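# Report on the structure
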Amino acid sequence: MNADVAVENTSATALWNDPTATVAARVDALVDAMTLEEKTAQLYGVWVGASDEGGEVAPHQHEMEEPVDLDALLPTGLGQLTRPFGTVPVDPALGALSLARTQARIAASNRFGIPALAHDECLAGFAAWGATAYPVPLSWGASFDPDTVRRIAAAIGRDMRSVGVHQGLAPVLDVVRDARWGRVEETIGEDPYLVGTIGTAYVQGLESAGIVATLKHFAGYSASRAGRNLAPASVGPRERADVLLPPFEMAIREGGARSVMNAYTDTDGVPSAADEALLTGLLRDTWGFDGTVVADYFAIAFLTTLHGVASDWASAAGTALRAGIDVELPNVKTYGAPLTEAVADGRVPEKLVDRAVRRVLTQKVELGLLDPNWNPVPAALDGTDPDDPEALRGRIDLDSPDNRALARTLAEEAVVLLSNDGTLPLERPRRIALIGPNADEPVAVLGCYSFPQHIGVRHPDTPLGIDLPTLRATLAAEFPDAEITYARGTGVDDGDLTGLDEAARVAREADVTVVVLGDRAGLFGRGTSGEGCDAESLALPGAQQHLLDTMLDLDTPVVTVLLAGRPYALGRAVEESAAIVQSFFPGEEGTHAIAGVIAGRVNPSGRLPVGVPRGPGSQPGTYLGARLAQASAVSNIDPTPAFASGHGLSYTRFDWADLSVEAEEASTAGEFALSFTVRNTGERPGTEVVQLYLHDPVASVVQPVQRLIGYTRVALEPGQARRLSVTVPADLASFTGRDGRRVVEPGDLELRLAASSADPRLTARVTLTGAERPLDHTRRLHATILQEPPTT
């Protein structure tokens, strides 16, 4: 690409442009040279949308913000560009050209040649038109496979960097506390260890590609009352410390995440955006985090408009800055003129501005944005002609065959077979009745932060940009000799019963009925799952349960398939369906995976990251409940799930045997060593997911009946066996004690080697001895599980 988008750095001899100097020295020199207005300009973003003609970005006119005048802003600089690709549909190459031209303008407009840092969403893939739509995070959890998630994140990161994006707003590390919450699809599951390990793998992959990973939402967003979006969080300090915070701690310690985003919620009256003890005391002073804290969109203004803890924009800015929020997103509202004026008149100390701008500029220096050879043109546009934008159209492929192969691998690993009476896999059925609102719906595989559902719905005349085969199409490919007859039956949430008679007629004439139910992802009430799409109960939306019951009333065997963003109670289907297949928005390759499971081409190995409730109204519930949370004779409500967390079936059988415990006692500073054998005793190759749970029968504070502390996938051919060796450090038995400190107490424990939280196969009863031992954030976080080579 030629020089019309290049930047001539007029400060090439300045210390801040010297790559041989230390990062700290470069940043200090730059901060010392900046005016107050230039410093605050680095602390906010501008929401933009790239041009589909390759021109400069235009400010996004959002209903919650006033229009932004870029010409007035740019002479003092700009901290961030908000969602250049995730605002309107734009060809990736032309979007990259648009972003490059805008970056050149930004750098040329300020005294120091500082470009903006560009961020975008990447929850289940780069949220750009034409980019691969991977399975949603709840499917990541269902896979129990950090390695595949890490590879997917690296691929997402490479695509983002190729077009000039620097920061990704993912992963979501909120632990599910109430499945009615609309954003359950964005989470990894209900167990903090599963969320932490899978989320950390995603961070590692994204950061390996040079993208700044942003952990969200810090902290407590998923614990909102009644599962309502942006509601107060009802958690105590112990639940926060032992359930909600560990995934963030792990992703910072082991993932190397360079950014954190605050939660919208308040906890015990303190909004996260104003919580200095959380954002500075814990995150930075204790955990040692040295990256940037960015505001969730509009969160600083919400301190005034929603929380009522700040009287005006300047007060909101000072409160957030003091708490530890470095960057205001998505647009400038409080960190611009209100903050500058508050500093000038002494209401906000300038040292708080300096603290934040040092963090922002440190990141820009580390990304190479202040180097003398910095060029806004991304690698994907090398050698192209910016004067011929139309020649660029289609040049960049964000949905490569390699991407799709990764998407299919994860989709296949994440399909969970909940029940099966032997009907699956189907063997040469002659007539299949395909029923339900999600059977012939292309976008039924997508979550709310996929580009087609998040942005594309507002542009109905624009093609989806990716191939989304329906389950009707992929089943036809799997069973080319079968007659497949389709009937919609009812909509996802319209309550329409007029199609039930036709669906029943089709089902009566078939050998098997496949009923495809679930959700439609959307935003703020425009779907049944997604941000702002909370549920009053966990009954299937609309008339879907009525449709399902109608099918169960017939003599034809029913295979129930769920394409959903959360678990739902399935009523009679739990006992009466011939089989139940659960998939959580599995992405663009998802219907291939589901059809493969139904046909037997894929042996299912997914496991539930959240339990499936038996009834629709027993929420909130989690397998992490203490004894009082279990079924009892003193309540008529039984919260026992229909299918427990960690549950999933296979088309083969696995035997677990020969448990050996090296020593049944260890000190509170020691560890336990176990070994056992898993054998595939069936006739198909398969993968067992070994899960390790800890049960602490007596502790100084109430503990969950059990909690996950380790897992591994074990792949075996028929007749093969593997010996697994497990080392469990005593640190994993720690919890937050009565005085608020983390502690390991002496006493008896059970280490349960299990196929699910409700299916222990082998149990080691062990004892911790010695003195109570305090721990901190440097504690050991993992059990070690090693697999020997397979034997027959």
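Everything numeric in this text was worked out from a predicted model, so none of it was measured. (Residues numbered from 1 in each chain as written. Predicted model: local features only at pLDDT ≥ 70, side-chain atom pairs only at ≥ 80, totals over all residues. Heavy atoms only, no water.)

Okay, the overall build of the chain next. Secondary structure assignment for the chain yields 22 helices and 28 strands. Against the globule reference of 28 Å for 792 residues, the chain gives a C-alpha radius of gyration of 27 Å, in line with a compact fold. Based on the C-alpha atoms only, the size of the chain along its principal axes is roughly 75 × 65 × 50 Å. Counting all 792 residues of the chain, 65% fall into the buried class. For the chain, contacts bridging at least 24 residues in sequence account for 79% of all contacts bridging at least 6. Working note: accessible area of the chain is about 27,500 Å², and carbon and sulfur atoms make up 48% of it. Counting 65 positive and 105 negative side-chain charges, the chain places the averaged centre of each group 4 Å from the other. (Helix = DSSP H or I, 4+ residues; strand = E, 2+ residues; numbered from the N terminus. Rg over C-alpha atoms; globule rule 2.2 N^0.38 Å. Buried < 20%, exposed > 50% of the residue type's maximum accessible area, 1.4 Å probe, protein only. Contact = heavy atoms within 4.5 Å. Areas by Shrake-Rupley, 256 points an atom, 1.4 Å probe, with all protein chains shown as cover. Lys, Arg positive; Asp, Glu negative; His and termini not counted. Charge placed at Lys NZ, Arg CZ, Asp CG, Glu CD.)

Another aspect to go through is the packing of helix H12 (residues 313-323) against helix H13 (residues 337-344). The geometry of H12 relative to H13 is characterised by a closest axis approach of 8 Å and an angle of 80° between their N-to-C directions. Overall, the two elements H12 and H13 adopt an arrangement that is roughly perpendicular. In this structure, H12 contributes Trp313, Ala314, Ala317 and Leu321 to the contact, and H13 contributes Pro338, Leu339 and Ala342. Here the residues of the contact of H12 with H13 sort into seven nonpolar, no polar and no charged. (Axes fitted to C-alpha atoms, helices over the stretch in contact; angles between N-to-C directions. Parallel < 35°, antiparallel > 145°, perpendicular 65-115°, else oblique. Nonpolar A, V, L, I, M, F, W, Y, C, P; charged D, E, K, R; others polar.)

Right, let's talk about helix H10 (residues 276-286) for a bit. Every buried residue belonging to H10 is among Leu278, Leu279, Thr280, Leu283 and Arg284, and all of these are buried. On an axial view of H10, the arc spanned by its buried residues comes to 160°, and they lie on one face. Residues Ala277 and Asp285 are exposed on H10 and point more than 90 degrees away from its buried face. Looking at where H10 begins, the residue whose side-chain oxygen comes 3.3 Å from the main-chain nitrogen of alanine 277 is aspartate 275. (Arc of directions from axis to C-beta. Polar contact = N/O pair within 3.5 Å; in protein donor to acceptor, adjacent residues only side chain to side chain.)

Our next topic: the environment of leucine 138. Mapped onto the elements of the fold, leucine 138 is located in helix H5 (residues 137-143). As a C-alpha pair, leucine 138 and threonine 187 span 49 residues in sequence and 5.5 Å in three-dimensional space. The contact partners of leucine 138, leaving out residues within four places of it in the chain, are Val184, Glu185, Thr187, Ile188, Gly189, Gly565, Arg566, Phe584, Pro609 and Val610.

For the rest of this paragraph, the subject is the environment of aspartate 174. Within the fold, aspartate 174 resides in the loop between strand S5 (167-169) and helix H7 (192-208). Judged by relative accessible area, aspartate 174 falls into the buried class, the value being 2%. As a C-alpha pair, aspartate 174 and isoleucine 188 span 14 residues in sequence and 7.8 Å in three-dimensional space. Discounting chain neighbours no more than four positions away, the residues touching aspartate 174 are Trp181, Thr187, Gly189, Val195, Lys216, His217, Tyr221 and Ser222. Within the structure, the side chain of aspartate 174 is placed 2.8 Å from the side chain of histidine 217, a separation counted as a polar contact.

Another point: the confidence of the model for the chain. For the chain, per-residue confidence averages 95 on the pLDDT scale, and residues scoring 70 or more make up 97% of the total. When the criterion is pLDDT under 50, residues 5-12 qualifies, and its contacts beyond four places in sequence or with other chains add up to 20 contacts. (pLDDT = per-residue confidence, 0-100.)

What follows deals with the environment of alanine 320. Tracing the backbone through its elements, the reader meets alanine 320 in helix H12. Put simply, alanine 320 and glutamate 249 are 71 residues apart on the chain and 22 Å apart in space, counted from C-alpha to C-alpha. Ignoring anything within four residues of it in the chain, the contact list for alanine 320 reads Ala273, Ile300, Leu303, Ile325 and Tyr335.

Moving on to the side chain of arginine 713. Residue position: arginine 713 is located in strand S21 (residues 707-716). A distance of 2.9 Å separates a polar side-chain atom of arginine 713 from the backbone oxygen of serine 143. Here serine 605 takes part through its side chain, which lies 3.0 Å from a polar atom of the side chain of arginine 713. Those residues in contact with arginine 713 that sit more than four places away from it in its chain are Ser143, Phe144, Asp145, Glu413, Ser605, Thr687, Glu688, Val689 and Gln787.

With that settled, consider the pattern of salt bridges. On inspection of all chains with the given rule, the structure shows 43 salt bridges. Between arginine 105 and aspartate 71 there is a salt bridge, with the nearest N and O atoms lying 2.3 Å from each other. With a gap of 34 residues between them, arginine 105 in helix H4 (residues 92-109) and aspartate 71 in helix H3 (residues 70-73) connect regions that are remote in the sequence. Residue classification places aspartate 71 among the exposed residues on the basis of a relative accessible area of 57%. Arginine 472 serves as the salt-bridge partner of aspartate 440, at 3.2 Å between the closest nitrogen and oxygen. Here the residue aspartate 440 occupies a position in the loop between strand S12 (431-435) and helix H17 (451-454), and arginine 472 occupies one in helix H18 (residues 471-478), the gap between them amounting to 32 residues. Under the relative-accessibility criterion, arginine 472 is labelled partly exposed at 33%. (Salt bridge = Lys/Arg side-chain N within 4 Å of Asp/Glu carboxyl O.)

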